[in-house]
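Spelled out, the chains give:
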Amino acid sequence: MLRYAKKRRADKDVSLLIRRNKQELISINHETSLPLASTVKIILVIEFARQVSIGKIDENERVPKEELLKFYLEKTDGGAHEEWMKEFTKEDYSLKEIAIGMAAYSSNANTDFLLNYLGIEEVNQLLESLNLHHHSRIYPLVSSLYISNYVKFNEKITTKKELLYRMKNMPIEEYIQYSLLIHNHMANEGKKEYMEKLNLHFDLQKIWSDLLPSGSAKDYASLMEMINDGNVFEEKMQSCIEEILGYSIFKNEKNREWIVRGGMKGGSTLFVYTYASYITDKDGNQTEIIFLSNNLNVLTLRKLQTNFNQFVLKVLTNGEYRKKISSE
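Cut-offs and rules
- Residues numbered from 1 in each chain as written.
- Predicted model: local features only at pLDDT ≥ 70, side-chain atom pairs only at ≥ 80, totals over all residues.
- Heavy atoms only, no water.
- Pairing = 2+ DSSP bridges.
- Helix = DSSP H or I, 4+ residues; strand = E, 2+ residues; numbered from the N terminus.
- Buried < 20%, exposed > 50% of the residue type's maximum accessible area, 1.4 Å probe, protein only.
- Lys, Arg positive; Asp, Glu negative; His and termini not counted.
- Salt bridge = Lys/Arg side-chain N within 4 Å of Asp/Glu carboxyl O.
- Contact = heavy atoms within 4.5 Å.

### As for the pairing of strand S2 (residues 23–28)
Part 1: Sheet topology note: the strand S1 (residues 14–20)/S2 ladder contains five bridges and is antiparallel. Bridged to Arg-19 within S2 is Glu-24.
Part 2: What sits between S1 and S2 in their antiparallel hairpin is a turn of two residues, with Asn-21 showing a positive phi close to 55°.

### What to know about the pairing of strand S7 (residues 259–268)
Part 1: Of the pairings in the sheet, the one linking S7 to strand S8 (residues 273–281) comprises nine bridges and is antiparallel in character. Bridge pairing in S8 links Gly-263 to Tyr-278.
Part 2: Joining the antiparallel neighbours S7 and S8 is a turn of four residues.

### Points about the side chain of Asp-77
Part 1: The topology assignment puts Asp-77 in the loop between helix H3 (65–69) and helix H4 (80–87).
Part 2: For the buried Asp-77, no salt bridge is present, and the opposite-charge side chain at shortest range is Lys-41, 6.7 Å distant.
Part 3: Contact partners of Asp-77, with chain neighbours within four places excluded, come to Glu-82, Ser-106, Ser-107 and Asn-108.

### Quick look at the environment of Ser-268
Part 1: Along the chain, Ser-268 turns up in strand S7.
Part 2: Here Ser-268 falls in the partly exposed class, since its relative accessible area comes to 39%.
Part 3: Sequence spacing of Ser-268 and His-135 is 133 residues, and the spatial spacing of their C-alpha atoms is 18 Å.
Part 4: With residues up to four places along the chain from it excluded, the contact list for Ser-268 reads Ala-37, Tyr-273 and Gln-305.

### A closer look at the pattern of salt bridges
Part 1: This structure, assessed with the given rule, holds 27 salt bridges.
Part 2: Between Lys-56 and Glu-122 there is a salt bridge whose closest N-O contact spans 3.7 Å. Residue Lys-56 is located in the loop between helix H2 (41–53) and strand S4 (62–64), and its partner Glu-122 is located in helix H7 (residues 120–129); the two are separated by 66 residues in the primary sequence.
Part 3: Judged by relative accessible area, which is 47%, Lys-56 ranks as partly exposed.
Part 4: Residue Lys-323 pairs with Glu-320 through a salt bridge whose shortest N-O separation is 3.8 Å. Remark: Glu-320 and Lys-323 occur in helix H16 (residues 319–327); sequence separation between them is three residues, near one turn of the helix. Considered together, Lys-323 and Glu-320 belong to a single accessibility category, that of exposed residues.

In structure tokens, the structure reads:
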């Protein structure tokens, strides 16, 4: 982990920020904006909890399975949606169960459903109210996978070279508008002709990955610290955030023996690996860990995924290790 962060530091495609009791142990490229992948779903969790706390939505409202399947695209989220449905086997779901499916299981279908339900503008206004100065606009994840199909179909593009050129040179504002248009088709109009076969060409996946909503380690460390403090958000909102982001951690009963407050969210594509967490242990120590990386190859991605949990655990529990990485 550390070797990789130091090696890629100058290329500015990796960020690592670790805080312990408000003190920075490591800060590498903390203001550099990088694609967030599913870590961006933390923002939706916070907006979900805000709307629950003010009574705008009812977390117990039931939603038919078919409403979620409008946004479901098979084999595009690593089986996350299927894993969630195995545990929550129902014909309808509460909004809170859908939020847990988004955060703990990383279902993209649940994410785009909630983005639609909460309101895309409301979610983006939250970025401003939280003072996340390095964060880009949030837009639907699933529908953006169809943008190259939509452009190819409507502009009658016939060659891969021409399509790649068009996608690489598309302004982000136009890209987001296409994402919103396709999202509206999926939500309200059903399957369109351009949706018949998804194009997952490697180069197109790289463009899609690079254009995902981005943010900085500084942004997400600030967010994690707010939640970790436990007194920034109104009580009902705080409780809802903790329940959803802490679902994965506290599913393991052993973690309850040493963690008082904790939550996390990670994300990945073929080229990106990201992670954000907050932990308060039984001795009152607060730790926030943020890691963002881009331009990974398959081998490096696997190495990071294999070693990351061990790295986090050592940071949280080993004082000598924290001294070592801080000095290095």
